[in-house]
Amino acid sequence: MANDLGTSPDEVQFRFRDDEPVDHGTVTVDSALEQTNANAVRIEPGDDARALLPFLDRIALVEVNFPSFGDGRGYSAARILREAGYTGELRAVGQVLIDQLSHMRRCGFDSFAPDKRLDEEDAARAFATWENVYQRAADARRTIADKRHET
Amino acid sequence: MKILTGNDLRSGAVTWWNGTGWSLFVDDAVDVGDEAEEILAREDAARRVNVPYAIAATIDAGGHVRPAHIKDRVRALGPTVRRDLGVPTADKTGWDWVI
Amino acid sequence: MYKYDQYDQAMVDARVEEFRDQARRRIEGKLTEDQFKPLRLMNGLYLQLHAYMLRVAIPYGTLDARQMEMLADIADKYDRGYGHFTTRQNIQYNWIKLEDCADALADLATVEMHAIQTSGNCIRNISADHFAGAAADEVIDPRPYAELMRQWSSFHPEFTYLPRKFKIAVIASAKDRAAMRLHDIGIRIVKRDGEAGAQFYAGGGMGRTPMIAPLIRDFVPIDQMITYAEACLRVYNRYGRRDNKYKARIKILVHELGAAEYTRQVEEEFAHLLNVGVEPPREELARIAAHFAPPAFVDGPKTLDRSDPDFALWVDRNTHRHKHDAYVSAVISLKPAGGIPGDATADQMRVVARLARDYSFDELRVMHTQNLLLPHVRIADLHAVWTALEAAGLGAPNMDTIEDIIACPGLDYCSLANARSIPLAQRISERFAETGRTEVVGELKLKISGCINACGHHHAGHIGILGVDKKGVENYQLSLGGSEAEDVSLAKITGPGFDEDGVIAAVEKVTDVYLASRAGGERFLDTYRRIGMEPFKEALYGQ
């Protein structure tokens, strides 16, 4: 099966992990279900992230494709994987624009390979958008409600 | 005739292509004929006007430019229920043909 | 009512600066319109026929005098001296400039107001019963729950790019005064054996394909309400249609899956999310609820002097029973006969603010019927309130009558519209007022939409009118028998459409049929439900 899908490490513009990135391409979810040794998977908007749950521990990289920035299914896919205990690299690829970065980060993405490279300064500002957050997400940040009621 | 219209990027005001720039008054609109696409592409990139588009129009007996579609006629004059807020033109006959 | 703490204020202030930066980048050409549009929509800034339109959020329709005064100032400073109150309890300004918008938002932020998420494919303003905290029949004030949801839904990282917009309404009474069943999610707070819980309905909506939301869960314990909402949204975000803009609302998903299957998926996700733990701490609801403690009502007269017939009429029509018997809620009509429904001048807003301060514990409401409300007025003060309203052109005694028309802005303002709705509303209200028929006809909820998007809620009108484009000419379809209340129903089209004169005559004809046929104390809606469509069709089209 071809492993030529997906982004390569040099297309990753932002990465919030210390480990070595996977050095080969991803396979589709369908292929991953068949290939018992696949450790890099690409999720398309119509895929069910929960299909990967039985073998999350052997997966080192999940790419989530955003063919259109307006298609928000990838945000749910990301949170679902993190909620299931996935600790590998979770990479947002495709039409990833500045104004989505902070929400993606909160949903558990720790690496970003946008189709078009983004301005570094704009991106840094974007990642720092939320001094505080209202709701729980995959990033385990203390929420405003938590802070209000800390003893 | 074919005329171009849009909304001014900064103010949102309705504007009409007058041949060299954008006017607030529909009677300044010129027939762009085949050049519509070229002008639209250039003007969209020039960032003065928001989402410009081409529409059909005619010149009426009084010499006024009259957009073909009711929506653009309302844009040309202002809300029919608040004529005091309409485009400040001298031509008040417009209200006769807006609908 | 709720007051921001430093976290809420910082959030709104930061968003203003973020938008200021985005608008600057757009004006400088660093952002294309395609890239900027979703960003400006998230701050409620539309581009309409004549100008940019700003939709300012009024969370669950509640505001105080200071905020109403700011809305008046915004109208004067950045717009053309007036605003329009909407069917979702918000306010719209029609003449905003992009280059001024950040400044307007900054001014609003100084009084804890914003335009966040009043547009875009995200969770919109949470609406609530406009009589909340005052109604005699409410189980509990629904607004703390609405506020909890407001915070949960603001900048939710997972639900910022939904298939389509998402509207939630919260009530807490058997009576539905917020059209709850016609929302994407409708919540009714109930008490069972002394325990508070949330009844969840999902999949309602108007628009092109109106649907009534089925019951999804009869009782969610109140300290799991946010988790359940999150489950509902996640299923929608994952499986709502994204192939067709006109089939992308949750009502289509619920309809295509069937309520049972949608429910099953939600319950599965809910069980999962309970384990994940997304609910805010219990103390947060208590903290919010403390802001909604009832005002210090004082005892007083429970009756009044009805010798002035105009005053008596206004009291009978425009006041609503209050939980405290020395008080009523008083409707401020924005529907003067022949006027533009829902519009208020800056000066009128200031009058309303003063009245709130002087007579209603500094509290105001925006009704989804495009009127305003003073929720807590002492019966002893009613005459003074009425006198002031009359003087300001806000005293029309016509709540829920045929003059109390709900109309969208229509083709006079809106780029989506096919026909004008406001002139129709003006002519109809004028006609019934001048012939004295308004009072004779009694309760009749007439709703007008200028296009199939149904922002005027015409599907839920006792009489509904839909404006369409018939070969470049305005044409109007008439429908009968809709209701947005707890007896919810969708109106049915009578038959072929009419031109403007024709539909006004048609409205008169159907009210004639009602008056000739009504029995007992039947409203128009009751008579229609009893005798059916045929007698009305006959009157309209002959046989």
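Residues numbered from 1 in each chain as written. Chains lettered and ligands numbered in written order. Predicted model: local features only at pLDDT ≥ 70, side-chain atom pairs only at ≥ 80, totals over all residues.

Along the backbone of chain B there are 3 helices and 5 strands. In chain B, the order of α-helices and β-strands from amino to carboxyl end is β-β-β-α-β-β-α-α. Taken against the 2.2 N^0.38 rule, which gives 13 Å for 99 residues, the C-alpha radius of gyration of chain B at 13 Å falls within 12% of a compact globule. Out of the 99 residues belonging to chain B, those deemed buried represent 29%. (Helix = DSSP H or I, 4+ residues; strand = E, 2+ residues; numbered from the N terminus. Rg over C-alpha atoms; globule rule 2.2 N^0.38 Å. Buried ≥ 20, exposed ≤ 12 C-beta atoms within 10 Å, placed from the backbone.)

The helix and strand inventory of chain C stands at 17 helices and 20 strands. Computed over its C-alpha atoms, the radius of gyration of chain C comes to 23 Å, within 12% of the 24 Å expected for a compact globule of 543 residues. In terms of its C-alpha atoms, chain C occupies a principal-axis envelope of roughly 60 × 55 × 55 Å. Within chain C, the proportion of its 543 residues that are buried is 58%. Residue pairs at least 24 apart in sequence account for 68% of intrachain contacts in chain C once pairs closer than 6 positions are excluded. (Contact = placed C-beta atoms within 7 Å.)

What follows is about the nonpolar core. In a soluble, globular protein the nonpolar side chains are often hidden away together inside. Among the nonpolar cores identified, the biggest contains 226 residues, and Val170(C) and Cys232(C) are the most heavily contacted of them. Residue contacts for Val170(C): discarding those within four places in its chain leaves Ile126(C), Ala128(C), Pro142(C), Tyr145(C), Ala146(C), Met149(C), Ile187(C) and Ile189(C). (Core = buried A, V, L, I, M, F, W, Y, C linked by C-beta atoms within 7 Å.)

Contacts between the two partners involve 22 residues from chain C, matched on the other side by 20 residues from chain B. Those elements giving two or more residues to the side of chain C that touches chain B turn out to be α4 (98-109) and α13 (422-434) of chain C. Of the residues contributing to the side of chain C that touches chain B, the split by class is 12 nonpolar, 4 polar and 6 charged. (Nonpolar A, V, L, I, M, F, W, Y, C, P; charged D, E, K, R; others polar.)

Residues and elements named next belong to chain C. The first and last C-alpha atoms of α13 sit 18 Å apart over 13 residues, in line with the 18 Å expected at 1.5 Å per residue. All buried positions along α13 are accounted for by Ile-422, Pro-423, Leu-424, Ala-425, Gln-426, Ile-428, Ser-429 and Phe-432. Close packing links the buried residues of α13 with β16 (406-407), α14 (437-441), β17 (446-449), β18 (463-470) and α15 (500-517). Downstream of α13 by a residue or two, Gly-436 has a phi angle that is positive, lying close to 70 degrees. (Expected span 1.5 Å × (residues − 1).)

Take the interface of chain A and chain C next. At the interface, 25 residues of chain A touch 29 residues of chain C. For the side of chain A that touches chain C, the secondary-structure elements that each account for two or more residues are α2 (73-83), α3 (101-106) and α5 (144-148) of chain A.

Residues and elements named next belong to chain C. The buried count for strand β5 (residues 91-96) comes to 6 of 6 residues, which makes it a mostly enclosed element. Across 4 bridges, strand β2 (residues 52-56) lies against β5 in antiparallel orientation. Bridging from a neighbouring strand, Leu-54 pairs with Tyr-93 of β5. With 2 bridges joining them, strand β4 (residues 82-85) and β5 adopt antiparallel strand pairing. Its bridge partner lying in β5, Phe-85 is registered against Ile-91. With antiparallel pairing between neighbouring strands as the criterion, β4 and β5 make up a hairpin whose turn holds 5 residues, including Gln-89 at a positive phi of roughly 70 degrees. (Pairing = 2+ DSSP bridges.)

Here the phi dihedral of Val51(B) falls at roughly 45 degrees; this positive angle occurs in a residue that is not glycine. Relative to the elements of secondary structure, Val51(B) occurs in strand β4 (residues 49-59). Residue Phe155(C) is not a glycine yet carries a positive backbone phi of 60 degrees.

The next thing to look at is the packing of helix α3 (residues 65-78) of chain C against α4(C). Geometry of a packed helix pair, given as the angle between the helix axes and the separation of the axes. Residue and element names in this part refer to chain C. Look at α3 against α4: their axes get within 10 Å of each other, and the N-to-C directions meet at 160 degrees. Here α3 is positioned roughly antiparallel relative to α4, judged by the angle of their axes. Like other packed secondary-structure pairs, α3 and α4 cross with a definite hand, here right-handed. Judged by residue contacts, Met-70, Ile-74 and Tyr-78 of α3 engage Asp-100, Ala-104, Asp-107 and Leu-108 from α4. (Axes fitted to C-alpha atoms, helices over the stretch in contact; angles between N-to-C directions. Parallel < 35°, antiparallel > 145°, perpendicular 65-115°, else oblique. Left-handed = near helix turned anticlockwise from the far one by under 90°.)

All names here are of chain B. The sheet contact formed by strand β1 (residues 2-8) and β4 spans 6 bridges and is antiparallel. Note that in β4 the partner of Asn-7 across the bridge is Asn-50. The sheet contact formed by β4 and strand β5 (residues 65-67) spans 3 bridges and is antiparallel. Among the inter-strand pairings, Ile-59 is bridged to a residue of β5, identified as Val-65.

This part covers the packing of helix α1 (residues 6-27) of chain C against α4(C). Residue and element names in this part refer to chain C. At their nearest, the axes of α1 and α4 sit 9 Å apart, and the two run at 175 degrees to each other. As far as their axial angle goes, α4 and α1 are roughly antiparallel. On α4, the residues touching Val-12, Asp-13, Val-16, Phe-19, Arg-20, Ala-23 and Ile-27 of α1 are Leu-98, Glu-99, Cys-101, Ala-102, Leu-105, Ala-106 and Ala-109. Of the residues that constitute the contact of α1 with α4, the class distribution is 11 nonpolar, no polar and 3 charged.

With that out of the way, let us pick up the domain arrangement of chain C. All names here are of chain C. When the domains of chain C are assigned, the result is domain 1 (6-109), domain 2 (142-289), domain 3 (309-391) and domain 4 (406-541). If you look at the interface, domain 1 gives 21 residues, while domain 3 gives 21 residues. Mapped by element, the contributors of at least two residues to the side of domain 1 that touches domain 3 are β3 (62-63), α3 and β4. Sort the elements by how many residues they give to the side of domain 1 that touches domain 3 and α3 lands first, with 7 residues. By residue class, the composition of the side of domain 1 that touches domain 3 is 9 nonpolar, 8 polar and 4 charged. (Domains from an automatic or database assignment.)

Moving on, we get to the arrangement of the chains. Here 2 pairs of chains make contact, and the pair sharing the most contacts is chains A and C. The two units chain A and chain B never meet; even their closest C-alpha atoms stay 20 Å apart.

Below, the discussion takes up the environment of His69(B). Considering the arrangement of structural elements, one finds His69(B) in the loop between β5 and α2 (70-77). C-alpha separation for the pair His69(B) and Thr93(B), spaced 24 residues apart in sequence, amounts to 18 Å. Setting aside its immediate chain neighbours within four residues, His69(B) contacts Ile55(B) and Gly472(C).

All names here are of chain C. Following the sequence through the fold, Gln-89 ends up in the loop between β4 and β5. Measuring from C-alpha to C-alpha, the distance between Gln-89 and Ala-128 comes to 8.7 Å, with 39 residues separating the pair along the chain. The residues touching Gln-89, leaving out its near neighbours within four places in the chain, are Ile-58, Tyr-60, Gly-61, Asn-125, Ser-127, Val-366 and His-368.

Here the focus is the sheet that holds β1(B). Residue and element names in this part refer to chain B. What the 5 strands build is an open sheet, ordered β3-β2-β1-β4-β5; its pairing is antiparallel. Taken across any chain shown, the strands that pair with only one partner, and hence form the sheet edges, are β3 (22-23) and β5. Looking at chain direction, strand β2 (residues 14-17) and β3 are connected through 2 bridges and run antiparallel. Its bridge partner lying in β3, Trp-17 is registered against Trp-22. Each of β1, β2 and β4 touches helix α1 (residues 36-46); the most contacted strand, β4, lies at about 150 degrees to it.

Turning our eyes to something else, we now look at the sheet that holds strand β11 (residues 319-321) of chain C. Residue and element names in this part refer to chain C. With antiparallel pairing, the 5 strands of this open sheet are ordered in space as β3-β14-β15-β12-β11. Edge positions in the open sheet fall to β3 and β11, since each of these has one partner strand only. Summarising the sheet, β11 and strand β12 (residues 327-332) pair through 3 bridges and their orientation is antiparallel. Each bridged residue has a counterpart across the sheet, and for His-320 the counterpart in β12 is Ser-329.

Another point: the environment of Asn18(B). Secondary-structure assignment places Asn18(B) in the loop between β2 and β3. If we ignore the near neighbours within four places in the chain, the residues touching Asn18(B) are Ser23(B), Asp28(B), Ala29(B) and Val30(B).

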